[in-house]
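Residues per chain, in single letters:
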Amino acid sequence: MTLQEWAAVIGVAMSVVLALGPWMFAVHAKLAVIASRLDDVGRRLDGLSASHDERLAMCIEHQSRLETHAVQLADLADRVRTYE
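Residues numbered from 1 in each chain as written. Predicted model: local features only at pLDDT ≥ 70, side-chain atom pairs only at ≥ 80, totals over all residues. Heavy atoms only, no water.

A word on the overall build of the chain
Logical step 1: Along the chain, the regular secondary structure elements total 1 helix and 0 strands.
Logical step 2: Over its C-alpha atoms the chain spans a radius of gyration of 36 Å, topping by over 25% the 12 Å that the globule rule assigns to 84 residues.
Logical step 3: C-alpha extents for the chain along the principal axes are approximately 115 × 20 × 15 Å.
Logical step 4: Across the 84 residues of the chain, 1% fall into the buried class.
Logical step 5: By element, 68% of the accessible surface of the chain is carried by carbon and sulfur atoms, the whole surface being about 7800 Å². (Helix = DSSP H or I, 4+ residues; strand = E, 2+ residues; numbered from the N terminus. Rg over C-alpha atoms; globule rule 2.2 N^0.38 Å. Buried < 20%, exposed > 50% of the residue type's maximum accessible area, 1.4 Å probe, protein only. Areas by Shrake-Rupley, 256 points an atom, 1.4 Å probe, with all protein chains shown as cover.)

Have a look at this one:
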């Protein structure tokens, strides 16, 4: 290749790089913003999951207490019936 051909190839390559460079930086910046937002959403979901697990354990405990109270109330009702 001659010097003029090399100059033309380098000129075209530089034009492509200079044309695509700002676009690539813009895409990279947008992807960085999306990645940070996804990280925030992930943290929020982890917190919500932990909160849900705690509340589920509380609900299960309260349900067992209600069942115990129901048994006790049924027992009391039977005792009242025997005294009548």
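Topic: helix 1 (residues 3–83)
Logical step 1: With 81 residues, helix 1 extends 116 Å between its outermost C-alpha atoms, agreeing within 8% with the 120 Å of an ideal straight helix rising 1.5 Å per residue.
Logical step 2: The axis of helix 1 is deflected most strongly, by about 30°, at Leu20, and proline Pro22 appears within four residues downstream. (Expected span 1.5 Å × (residues − 1). Bend = angle between axes of the 7 residues up to and from the residue.)

Here we look at the pattern of salt bridges
Logical step 1: Tallying each qualifying case throughout the model produces 4 salt bridges.
Logical step 2: The residue Asp40 makes a salt bridge to Arg43 at a minimum N-O spacing of 4.0 Å. Of this pair, Asp40 and Arg43 both sit in helix 1, 3 residues apart, which is roughly one turn of that helix.
Logical step 3: For Asp40, a relative accessible area of 36% gives the class partly exposed.
Logical step 4: Residue Asp78 pairs with Arg81 through a salt bridge whose shortest N-O separation is 3.0 Å. Taken together, the residues span about one helical turn, with Asp78 and Arg81 both in helix 1 at a distance of 3 residues. (Salt bridge = Lys/Arg side-chain N within 4 Å of Asp/Glu carboxyl O.)

Looking at the environment of Arg55
Logical step 1: Its place among the elements puts Arg55 in helix 1.
Logical step 2: Measuring from C-alpha to C-alpha, the distance between Arg55 and Gln4 comes to 75 Å, with 51 residues separating the pair along the chain.

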